[in-house]
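Listed below are the residues making up each chain.
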Amino acid sequence: MAASVARVGRPLLGVAVFLAALAVWEAWARSKGSILVPPASSVVETAWEVWPTTDFLTGVGASLRRLAAGFAIGAGVGIGLGLVMGSSTRARRALEPLVEFCRAMPAIAIVPAAIVLLGLGDAMQITVIAFGLCFPVLVNTLAGVRAVSPEVRDTAAMLQVGALERIFRIYLPGALPSIVAGLRVAVSLGLVAVVISEFVGEGEGLGRYIRLQQTEFDVPAMYCGILFLGLLGYVLNRLFLVGERRVLSWHYGSVGEGVGR
Amino acid sequence: MLRRVNLAGWSFVLLVTVLVEAGVRLFDLHDSVAAPSATFRALAEGLSSGALPGELGTTLEAYGEGLALAVACGVALGIAIGSSRTLLDATSVVIEFLRPIPAVALIPLAILFLGLDTPMRRVVVAFGAVWPILVNTSYGVRGVDRFLHDVARTSGVTPIGRLVRVTLPAALPSIATGIRVGASLGLLICVTAEFVTGTGGIGAYMHQQQNAFQIPELYAAVVLIGMLGYLINTGLRATESRVVFWVGEERLADR
């Protein structure tokens, strides 16, 4: 979706509109002189000063570390459960109501319970991140496994392929394009959960930084933090798309014929 | 469509409930985990005393208004952007710039602008929910068969008529998906804003119970939010399958 909107036929027009919007912001902010709307130029200036500082980068590093840990756990659980639920009807029916309920639960809802159980530190934050991003991965894995064609399933059954081999040699590769799509959604949801968990928890991080600037009323610095988050989300998404294209090159070459469809 | 009750599924839920209950009682974990029985008692009390419904109402007000705003803006802009190549090119960079910003990160900024109450929450919910709706709408509109458009034009259907009778129905499945994604994101943002500011709504209620170590009351609120999310999700899904009935079940299964 992002790619299709971003597929810019005449990229210059988009850039021109963007610059015009910045100019309008600049002019408006200067004429209004409100502390809440600093001119674009002063935000850029602040960013130039703040972004390279060790303090800021340590925070970014801490956020990224928690995101990575939460992603590894959440994606692992999501793919694992998705594969189990996809390959066994009995497992799917047994787990479905519980999963449907948990899936509809916004990540913030588990925050206070996680705080009571795990405190304010990394364990709570990583749990919240993992919970927040696990379900799109699960749902996509399940959908991908279920989309494996009946002929392939029947052939595997006829050849008496064992359950484990079926999961790893048929379902996992077949569902991979769908799983990767889920992982990409998970990255941006994970970033949301990172911010939430840092708002309520302790330790450094980007979300913490933004919240701190709000209480200290340093508005340009707050804009800097928000912009950096947006940038981070954008870059992570891009990196993922590039990786996706590389990992799934076999799939794009064989859509329609492949195992997955 | 008649569906059999999923016996295995509900037995599993029951099993988990019983295990948690037994675990909490056996290992005396009352300080950190609420037993399901205590949770449901707290839920029943909270609901009958009017405390929970009141908080829920506050939440739903900001959430509903924010989501309505997001749907209105997202669908209108999405249609405009989807039907004009120039507009698509013109807005692409701005959209790609704003969209990856996690809306929860804007809560502190919105607090400075709008204070701690419902207006702030409404705006943050709208900002968060608008992107999936906008992008899915423009995507759906661009996917409309050109041939249908040409037929309608040569048959003398006015531009408004084409919009209402060709573009909208064809883009509807995609719009519905966008609204569903936006709705669950909006709920997350709304409850987070309440939790962070602590000024009302089910999120603030949770925060109070957490600080007071009222564990069963806290878990009752969690269960209630889960049910709310579930109802919103299944409600939208049911509406969706009724309105865009021509789309197959398996497409609705994707999130």
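Residues numbered from 1 in each chain as written. Chains lettered and ligands numbered in written order. Predicted model: local features only at pLDDT ≥ 70, side-chain atom pairs only at ≥ 80, totals over all residues. Heavy atoms only, no water.

Caption draft 1: Looking closely at the overall build of chain B. Assigned secondary structure in chain B consists of eleven helices and zero strands. Taken from N to C terminus, the helices and strands of chain B fall in the order α-α-α-α-α-α-α-α-α-α-α. Taken along its principal axes, the extent of the C-alpha atoms in chain B is 75 × 50 × 30 Å. Considering chain B as a whole, with its 255 residues, one finds that 49% of them fall into the buried category. (Helix = DSSP H or I, 4+ residues; strand = E, 2+ residues; numbered from the N terminus. Buried < 20%, exposed > 50% of the residue type's maximum accessible area, 1.4 Å probe, protein only.)

Caption draft 2: Geometry of the domain arrangement of chain A. Residue and element names in this part refer to chain A. Partitioning chain A into structural domains gives domain 1 (1–34) and domain 2 (38–254). Computed over C-alpha atoms, the centres of domain 1 and domain 2 are 29 Å apart. Taken together, the eight residues of domain 1 in the interface contact eight residues of domain 2. For the domain 1 and domain 2 pair, buried surface summed over both sides reaches about 630 Å², with 61% attributable to carbon and sulfur atoms. At the boundary of domain 1 and domain 2, one finds zero salt bridges. (Domains from an automatic or database assignment. Contact = heavy atoms within 4.5 Å. Buried area = accessible area lost by both parts, 1.4 Å probe. Salt bridge = Lys/Arg side-chain N within 4 Å of Asp/Glu carboxyl O.)

Caption draft 3: Highlighting the pattern of salt bridges. For the structure on display, the rule yields 13 salt bridges over all chains. For Arg66(A), the salt bridge goes to Glu198(A), with nearest N and O atoms at 2.7 Å. Taken as a pair, Arg66(A) in helix 4 (residues 54–87) and Glu198(A) in helix 9 (residues 163–200) lie far apart in primary sequence, 132 residues in all. Note on accessibility: Arg66(A) and Glu198(A) belong to one class, buried. Between Arg180(B) and Glu240(B) there is a salt bridge, and its shortest N-O distance comes to 2.7 Å. Taken together, the positions of Arg180(B) in helix 8 (residues 159–197) and Glu240(B) in helix 10 (residues 215–243) put the pair 60 residues apart, joining distant regions of the chain. Through salt bridges with shared partners, a single ionic network connects Arg66(A), Asp122(A) and Glu198(A).

Caption draft 4: Spatial organisation of the state of the cysteines. Across all of its chains, the model carries zero disulfides over all chains by this definition. Here Cys102(A) stays unpaired: no disulfide links it, and the sulfur of Cys134(A), its closest cysteine neighbor, is 8.6 Å away. Its relative accessible area of 23% is what places Cys102(A) among the partly exposed residues. Cysteine Cys190(B) remains unbridged, with the sulfur of Cys73(B) as its closest cysteine sulfur at 17 Å. (Disulfide = S-S within 2.5 Å.)

Caption draft 5: Highlighting the interface of chain B and chain A. Contacts between the two partners involve 64 residues from chain B, matched on the other side by 61 residues from chain A. The contact between chain B and chain A buries some 5,600 Å² in all, and 76% of this surface belongs to carbon and sulfur atoms. Run the count over chain B and chain A and you get three residue pairs in polar contact (both at pLDDT 80 or more). Of all elements in the fold, only helix 1 (7–26), helix 4 (85–98), helix 5 (107–114), helix 6 (118–142), helix 8, helix 9 (202–211) and helix 10 of chain B reach the threshold of two or more residues within the side of chain B that touches chain A. For the side of chain B that touches chain A, the element with the most residues is helix 10 of chain B, which contributes twelve residues. Considering only residue class, the side of chain B that touches chain A consists of 43 nonpolar, twelve polar and nine charged. (Polar contact = N/O pair within 3.5 Å; in protein donor to acceptor, adjacent residues only side chain to side chain. Nonpolar A, V, L, I, M, F, W, Y, C, P; charged D, E, K, R; others polar.)

Caption draft 6: How the structure looks around a nonpolar patch on the surface. All names here are of chain A. On the surface, Leu-231, Tyr-234, Val-235 and Leu-239 cluster together into a nonpolar patch covering about 350 Å² of accessible area. Following the sequence through the fold, Leu-231 ends up in helix 11 (residues 219–247). On the basis of relative accessible area, Leu-231 is assigned to the partly exposed category, the value being 41%. (Patch = residues over 30% accessible without salt bridge, like charges linked within 9 Å, V, L, I, M, F, W, Y side chains within 5 Å. Areas by Shrake-Rupley, 256 points an atom, 1.4 Å probe, with all protein chains shown as cover.)

Caption draft 7: Spatial organisation of helix 5 (residues 89–103) of chain A. Maximum bend of helix 5 of chain A: about 45°, positioned at Glu96(A), with proline Pro97(A) one to four residues after it. Those residues of helix 5 of chain A hidden inside the fold are in contact with helix 4 and helix 7 (122–146) of chain A together with helix 1 and helix 10 of chain B. (Bend = angle between axes of the 7 residues up to and from the residue.)

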